[in-house]
Amino acid sequence: MAPSISDLPISPNGQTHHETTTDCIVDTEFLIVGAGPAGAALACFLGSYGLKGIMISAAPGTANTPRAHITNMAALECLRDIGLDQEINKVACSGDQHMVHTRWCHSMAGEEYARIHSWGNDPKRKGDYEMASPCSPVDLPQTLLEPILVRHAICKGFTTRFDTTFFSFIEDAGVITANLCDNLSKHEYQIRTKYLFGADGARSQVVKQLNLPLAVKPGQGLAINVLVRADLSHLVEHRKGNLHWVMQPDREHPEFGWMAIVRMVKPWNEWMFILFPTKDFDPRANPSKEEYLQRVREFIGDETPAGIIDVSKWNINETVADEYSRGNIFCLGDAVHRHPPLNGLGSNTCIQDAFNLAWKIAYVHQGLASPSLLSSYSTERQPVGHSIITRANQAFRDHASIWNALGMLNEDLESRKAILEELSAVTTNGQKWRRALREAISHTCHEFHGLGVEMNQHYSGSGIYDADEKEIYALHGKAAEDPVLYHEPSTYPGSRLPHVWLNRAVPGKPVSTIDLAGHGAYTLFTGIGGDSWKVAAEAVSKELGVPLKAHSIGFRQDWEDMYYDWERVRGVDESGVVLVRPDRFVAWRMLEVLERAEMCGRKLGEVLRSILAY
């Protein structure tokens, strides 16, 4: 008889060996289905806690087309926690060189209708981005991101098997048995595991069998990705940007290529042409490569040689699961939130799902928290998923105002020509169309400078302790007026730890609060007069076995607040305390030090026991 999970051999360091095999059944503690950004990131984060497991993917290898490409600051902070931000920055295209603008034009070589600064490159917004994070957004195609993640996961102990189909699973007495097939040998076998993670994309078999309820809104049609090799370096000097909307209202167009977004993949000789068909296009139709190439050449607009590398179709979805987990089965990434790539929220949200989940799994597995902590994953991340699918789809809908102002929504050619010509006319109608175009372009700042939707994520529920707060959480200032555009740093429990540069009394290399926190541990920040909190942290960490670091910030403390930025955002008095979770979200804070040192210890212990259900 095959061994149960509890029969797995234990290594000297207390970790379960990640796999054993008996009678065509493989045993492992952790099984991840899917090796894309969500699954591979989860394997990396679990590996950072010394946990080992198996990751499978039905695909023959890592991504063969660029797909996701904007990597934002929130995701980079997660990867920075395990040192992968440096490796990513070596291969990514920098934001200040390659992501300067989004443009609307007649062709890549032709006339431009409008442009807008993007991704922190607006001079009016640069400071907002620099104050929000120690990281900067980059352009990193999924073809480059996935190999970095998968390689790191393998090095950390996750056996990875591509060309492996996941069929189904069964649960019995806390053991999950997955039925799989090796696509090369056609050999069917089973993996028995304690935890199953469904990171298997928009057609997730795990989500389907788990029967997670999905909130599905009508999709917004089909899009066609045409990956193209063409050297456009002669065009980009004055057209720098990573997104170029190409529209030709004064010309006839094929049904499969009404308009396009041209996106840089590799500067400047590999490009993705995302074609949007008309509503009359039959999704089952397959235009020839020659037809696609002809349309690509029209969008380029000069005699530049071009060749097609790949063509693929995808649907513009607006779908989110109402819950992300049941028992010890957890779903993440595109399996539970599906949306168009606008606002660049796709792979970024996948990585953040994984970062939120990994520390909780590790703490429960290591006996540092009750299994009830795991319920907070769905409580915290589902609202985020709902917000990002809503924002991405609204961003797509917002572009209709631009299409309308350029005449693209008119079906007959003469009407489109008339509107385009009137845009430059000295007439009342011309002024009206120009105003409409200007306002529509300006509104896309919610897509291209949506710092708030990236960084304002706020958690509530059992994973957060806010019982000591006198007011309910609320955004203020610009962020309250427009929570998509503006980020408000806050230490209110459930908020992302604010980034502040700190240094020593004898200055050296600056360090971010982001880097002092995380790395698998809880972190306590206090200041002058808060020594009792540091004593309490040491005692509570020893008592509960929970990793807990403590830092004092202020004049001649562990760290100097040289710009007084921490004082402005800390939200507590000098002697107060801010407790931060391993995922760098604030768990709890208290305004000032308590009267006696032992009271600080009791309070801190109470807070941690509440969060970890200890």
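The structure presented is a predicted model; accordingly, all values stated were derived computationally and were not measured.

1. Looking at the overall build of the chain
Right, on to step 1. Check the secondary structure of the chain and you find 21 helices and 28 strands.
Right, on to step 2. For a compact globule of 614 residues, the expected C-alpha radius of gyration is about 25 Å, and the chain comes in at 26 Å, within 12% of that figure.
Right, on to step 3. By principal-axis analysis of the C-alpha atoms, the chain measures approximately 80 × 65 × 40 Å.
Right, on to step 4. Taking all 614 residues of the chain together, 57% fall into the buried category.
Right, on to step 5. Surface summary for the chain: the accessible area is close to 25000 Å², and the carbon and sulfur share equals 51%.
Right, on to step 6. Between the averaged position of the 60 positive side-chain charges in the chain and that of its 75 negative side-chain charges there is a distance of 2 Å.

2. Considering unusual backbone geometry
In terms of backbone geometry, most residues other than glycine have negative phi values and most peptide bonds are trans.
Right, on to step 1. Of note, the amide linkage connecting Pro 267 to Trp 268 takes the cis form, showing an omega dihedral of -10 degrees.
Right, on to step 2. Of note, Trp 268 is situated in the loop between strand E16 (259-266) and strand E17 (270-276).
Right, on to step 3. Here the phi dihedral of His 519 falls at roughly 55 degrees; this positive angle occurs in a residue that is not glycine.
Right, on to step 4. Secondary-structure assignment places His 519 in the loop between helix H18 (513-516) and strand E25 (522-526).
Right, on to step 5. A relative accessible area of 42% places His 519 in the partly exposed class.
Right, on to step 6. Of note in this structure, Ala 613 is not a glycine but carries a positive phi near 50 degrees.

3. Quick look at the confidence of the model for the chain
Close inspection of predicted coordinates is inappropriate in any region flagged by low pLDDT.
Right, on to step 1. Averaged over every residue, the pLDDT of the chain is 95; residues scoring 70 or more account for 96%.
Right, on to step 2. Low pLDDT, under 50, characterises residues 1-17; the stretch is placed with 32 contacts to residues that sit more than four places away or in other chains.

4. Describing the sheet that holds strand E4 (residues 70-71)
Right, on to step 1. Ordered in space as E4-E8-E5, the 3 strands form an open sheet in which the pairing is antiparallel. What marks the edges here is a single partner per strand, and that holds for E4 and strand E5 (93-94).
Right, on to step 2. Of the strand pairs in this sheet, E4 and strand E8 (residues 138-139) are connected by 2 bridges, and their pairing is antiparallel. Across the sheet, residue Ile 70 finds its bridge partner in E8, namely Asp 139.

5. A short note on helix H3 (residues 84-91)
Right, on to step 1. Within H3, the full set of buried residues consists of Leu 84, Asp 85 and Ile 88. Viewed along the axis of H3, the buried residues span an arc of 100 degrees, placing them on a single side of the element. More than 90 degrees from the buried face of H3, the exposed residues found are Gln 86 and Lys 90.
Right, on to step 2. Of the surrounding elements, those touching the buried residues of H3 are helix H1 (37-47), helix H2 (73-80), E8 and helix H6 (142-155).

6. Some details on the packing of H2 against helix H10 (residues 346-365)
Right, on to step 1. One can describe the packing of H2 onto H10 by two numbers: an axis separation of 8 Å at closest approach and a directional angle of 40 degrees. In terms of their interaxial angle, H2 and H10 are classed as oblique. Crossing geometry of H2 relative to H10 is assigned as left-handed. Contacts between H2 and H10 involve Ala 74, Ala 75, Cys 78 and Leu 79 from the former and Asn 348, Ile 351, Gln 352 and Phe 355 from the latter.
Right, on to step 2. Of the residues that constitute the contact of H2 with H10, the class distribution is 6 nonpolar, 2 polar and no charged.

7. Remarks on the nonpolar core
The nonpolar side chains of a soluble globular protein tend to be buried, and buried together.
Right, on to step 1. In terms of nonpolar packing, the biggest core is built from 106 residues, with Phe 45, Phe 197, Tyr 522, Leu 579 and Leu 612 touching the most fellow members.
Right, on to step 2. In terms of residue count, the dominant contributor to this core is H10 (11 residues).
Right, on to step 3. Mapped onto the domain boundaries, this core takes at least three residues apiece from domain 1 (25-93 + 137-215 + 319-391) and domain 3 (458-612).
Right, on to step 4. One finds Ala 223, Ile 274, Ala 395 and Ala 405 within the second-largest nonpolar core, a separate group that totals 38 residues.

8. Focus: the packing of aromatic side chains
Any pair of aromatic rings gets described here by the distance separating the centres and the angle formed by the planes.
Right, on to step 1. A complete count under the given rule lists 22 aromatic pairs for this structure.
Right, on to step 2. Seen from their ring centres, Phe 396 and Trp 403 are 5.7 Å apart, and the 75 degrees between their planes marks the pair as edge-to-face. Here Phe 396 matches Trp 403 in class, with each residue buried.
Right, on to step 3. Here a set of aromatic residues connected by ring pairs shows up, and it is made of Phe 30, Tyr 195, Phe 197, Tyr 324, Phe 330 and Tyr 377.
Right, on to step 4. Over the ring of Trp 433 we find Lys 432; its NZ or CZ atom is 4.6 Å from the centre of that ring.
Right, on to step 5. In this structure, Arg 504 packs its charged tip against the face of Trp 559, placed 3.7 Å from the ring centre.

9. What to know about the pairing of strand E27 (residues 577-580)
Right, on to step 1. The alternating pattern of E27 places Val 577 and Leu 579 and Val 578 and Val 580 on opposite faces, both of which are buried.
Right, on to step 2. As defined by bridge partners, E25 adjoins E27 across 3 bridges and the pair is classed as antiparallel. Bridge pairing in E27 links Thr 523 to Val 580.
Right, on to step 3. Taken together, the 4 bridges between E27 and strand E28 (residues 586-590) define a ladder with antiparallel strand orientation. When the sheet's bridge partners are listed, Val 577 is paired in E28 with Met 590.
Right, on to step 4. Here E27 hands over to E28 after 5 residues, with Arg 584 in that stretch at a positive phi of 70 degrees.

10. Focus: H1
Three or four residues apart is the spacing at which side chains of an α-helix point the same way, because the helix has 3.6 residues per turn.
Right, on to step 1. The buried fraction of H1 is high, at 11 of 11 residues.
Right, on to step 2. Looking at H1, one finds that the buried residues are Pro 37, Ala 38, Gly 39, Ala 40, Ala 41, Leu 42, Ala 43, Cys 44, Phe 45, Leu 46 and Gly 47.

11. Quick notes on the sheet that holds strand E26 (residues 548-552)
Right, on to step 1. Across the sheet, which stays open at both edges, the 4 strands sit in the order E26-E25-E27-E28 with mixed pairing between neighbours. The open sheet has two edge strands, E26 and E28, and neither has a second partner. Taking the axes of each pair of neighbouring strands and ignoring which way they run, one obtains an average angle of 15 degrees across the sheet.
Right, on to step 2. Lying on the sheet, helix H19 (residues 531-544) is in contact with E25, E26, E27 and E28; it crosses E26 at an angle near 170 degrees.

12. As for the side chain of Lys 603
Right, on to step 1. Residue placement: Lys 603 occurs in helix H21 (residues 597-612).
Right, on to step 2. If we skip the residues at most four places from it in the chain, Lys 603 touches Tyr 465, Asp 468, Trp 588, Met 590 and Leu 594.

13. Comments concerning the pairing of strand E19 (residues 318-321)
Right, on to step 1. Neither face of E19 is exposed, since Glu 318 and Val 320 on one face and Thr 319 and Ala 321 on the opposite face are all buried.
Right, on to step 2. As paired strands, strand E13 (residues 214-217) and E19 are joined by 4 bridges and run antiparallel to one another. Each residue of the ladder has a partner; that of Ala 215, found in E19, is Val 320.
Right, on to step 3. The pairing of E19 with strand E22 (residues 337-338) spans 2 bridges and is classified as antiparallel.

Reading the values: the criteria
Residues numbered from 1 in each chain as written. Predicted model: local features only at pLDDT ≥ 70, side-chain atom pairs only at ≥ 80, totals over all residues. Heavy atoms only, no water. Helix = DSSP H or I, 4+ residues; strand = E, 2+ residues; numbered from the N terminus. Rg over C-alpha atoms; globule rule 2.2 N^0.38 Å. Buried < 20%, exposed > 50% of the residue type's maximum accessible area, 1.4 Å probe, protein only. Areas by Shrake-Rupley, 256 points an atom, 1.4 Å probe, with all protein chains shown as cover. Lys, Arg positive; Asp, Glu negative; His and termini not counted. Charge placed at Lys NZ, Arg CZ, Asp CG, Glu CD. pLDDT = per-residue confidence, 0-100. Contact = heavy atoms within 4.5 Å. Pairing = 2+ DSSP bridges. Arc of directions from axis to C-beta. Axes fitted to C-alpha atoms, helices over the stretch in contact; angles between N-to-C directions. Parallel < 35°, antiparallel > 145°, perpendicular 65-115°, else oblique. Left-handed = near helix turned anticlockwise from the far one by under 90°. Nonpolar A, V, L, I, M, F, W, Y, C, P; charged D, E, K, R; others polar. Core = buried A, V, L, I, M, F, W, Y, C linked by side-chain atoms within 4.5 Å. Domains from an automatic or database assignment. Phe/Tyr/Trp six-rings, centres within 6.5 Å; stacked < 30°, edge-to-face > 60°. Lys NZ or Arg CZ within 6 Å of the ring centre and 35° of its normal.

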